[in-house]
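# Reading the structure
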Amino acid sequence: MTDDEDQVAGLLLAAGGGRRLGGRPKALLEHRGHPLVEHAVAVLRAAGCTRVHVVLGARAADVRDRADLAGCVLVDNPDWERGMGSSLRTGLDSLTGTGARAALVSLVDQPGIGAEAMARVRAGYRDETSLVSAAYAGVRGHPVLLGAAHWAGVAATATGDRGARAYLREHEAEIALVECADVARPYDIDTEADLVHLE
């Protein structure tokens, strides 16, 4: 990976078990005729990520069977039940040594965030010290771009379902916010009521 285009890898967190959805893994929910994980990978690719790592957990074998994830690096998180923090650590670890200098971190359960918002955040990449986040009416949200210089610090503080939250709070002054409210809706698919957002 020497080309500037390839220095930002997509990192899709898709391991959740959908506890509040009756145990239906979010990766396998249908959206526009495809599993949600497939849709999320396509969004990262459309935003310019040629390398995409996908962290799987709940029913990983079913996800591999049912979703077309050709060309992706599939990473199994055996500790997925411990929450998003473990998936983020696993995903960042999988990027170590690949030549990637930043990770554009995306969540599988946010189909309202499309390629335009992802591309805006990705465009904020400068070097491995970059920290960039989408913002919605000024409030920080997803996706988040984490330069490689921050990966160890993020991994050290990522616990439970908090992901990079604690690290980002500590480094608030370094984060470049990119407003995305005009092109994306940052809802999560967490409960049965949220399923209305799927098409």
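As shown above, the structure is provided for reference.
Remember, it's a predicted structure, so these values are computed and weren't measured experimentally. (Residues numbered from 1 in each chain as written. Predicted model: local features only at pLDDT ≥ 70, side-chain atom pairs only at ≥ 80, totals over all residues. Heavy atoms only, no water.)

A few words now on the sheet that holds strand S4 (residues 52–56). Read across the sheet, 7 strands follow the order S5-S4-S1-S6-S8-S7-S9 without closing on themselves; strand pairing throughout is mixed. Edge strands, defined here as strands with exactly one partner in the open sheet, are strand S5 (73–76) and strand S9 (176–179). Direction aside, neighbouring strands of the sheet carry axes that sit 25 degrees apart on average. Its contacts with the sheet place helix H3 (residues 84–95) against strand S1 (8–14), S4, S5, strand S6 (102–107) and strand S8 (139–147), and it is angled at close to 150 degrees to S1. Against the sheet, helix H4 (residues 115–122) engages S1, S6, strand S7 (131–136), S8 and S9, with an angle of about 55 degrees to S8. (Pairing = 2+ DSSP bridges. Helix = DSSP H or I, 4+ residues; strand = E, 2+ residues; numbered from the N terminus. Axes fitted to C-alpha atoms, helices over the stretch in contact; angles between N-to-C directions. Contact = heavy atoms within 4.5 Å.)

This next bit is on the environment of Gly10. As for its position among the elements, Gly10 is in strand S1. Under the relative-accessibility criterion, Gly10 is labelled buried at 0%. A sequence separation of 31 residues divides Gly10 from Val41, and the C-alpha atoms of the two residues are 8.3 Å apart. (Buried < 20%, exposed > 50% of the residue type's maximum accessible area, 1.4 Å probe, protein only.)

Here the residue pair His142 and Pro143 is connected by a cis peptide bond, since its omega of 0 degrees sits within 30 degrees of zero. In this fold, Pro143 is placed in strand S8. The phi dihedral of Arg32 falls on the positive side, at around 55 degrees, and the residue is not glycine. Relative to the assigned elements, Arg32 resides in the loop between strand S2 (30–31) and strand S3 (34–35). Taking relative accessible area as the criterion, Arg32 reaches 48% and is therefore assigned partly exposed. You will see that Ala137, though not glycine, has its phi angle at about 55 degrees, which is positive. Of note, Ala137 is situated in the loop between S7 and S8.

Here we come to H4. Taken together, the buried positions of H4 are occupied by Ala117, Met118, Val121 and Arg122. The arc that holds the buried residues of H4, viewed along the axis, is 135 degrees, so those residues lie on one side. The inward-facing, buried residues of H4 abut S1, helix H1 (36–46), S6, S7, S8 and S9. (Arc of directions from axis to C-beta.)

So, on to the nonpolar core. Soluble globular proteins: nonpolar side chains tend toward being buried together. Judged by nonpolar contacts, the single largest core of 41 residues is most densely connected at Leu12, Val37 and Val54. At the level of secondary structure, the elements contributing two or more residues to this core comprise S1, H1, S4, helix H2 (60–66), S6, H4 and S7. Sort the elements by how many residues they give to this core and H1 lands first, with 6 residues. In contact with Leu12, not counting residues within four places along its chain, are Val37, Ala40, Val41, Leu44, His53, Val54, Val55, Ser106, Leu107 and Val108. Core analysis: the next-biggest nonpolar cluster, separate from the first, contains 23 residues, Leu88, Leu95, Ala164 and Ile175 among them. (Core = buried A, V, L, I, M, F, W, Y, C linked by side-chain atoms within 4.5 Å.)

For Gly16, the position within the fold is in the loop between S1 and S2. Since its relative accessible area comes to 36%, Gly16 is described here as partly exposed. Sequence separation of Gly16 and Met84 is 68 residues, and the distance between their C-alpha atoms is 7.5 Å. Setting aside anything within four residues of it in sequence, one finds Gly16 in contact with Pro25, Lys26, Ala58 and Trp80.

So, on to the state of the cysteines. Any covalent bond linking the sulfur atoms of two cysteines counts as a disulfide. This structure, assessed with the given rule, holds 0 disulfides. Not engaged in a disulfide, the cysteine Cys49 finds its nearest cysteine sulfur in Cys72; these two sulfurs lie 11 Å apart. By relative accessible area, Cys49 is classed as buried at 1%. (Disulfide = S-S within 2.5 Å.)

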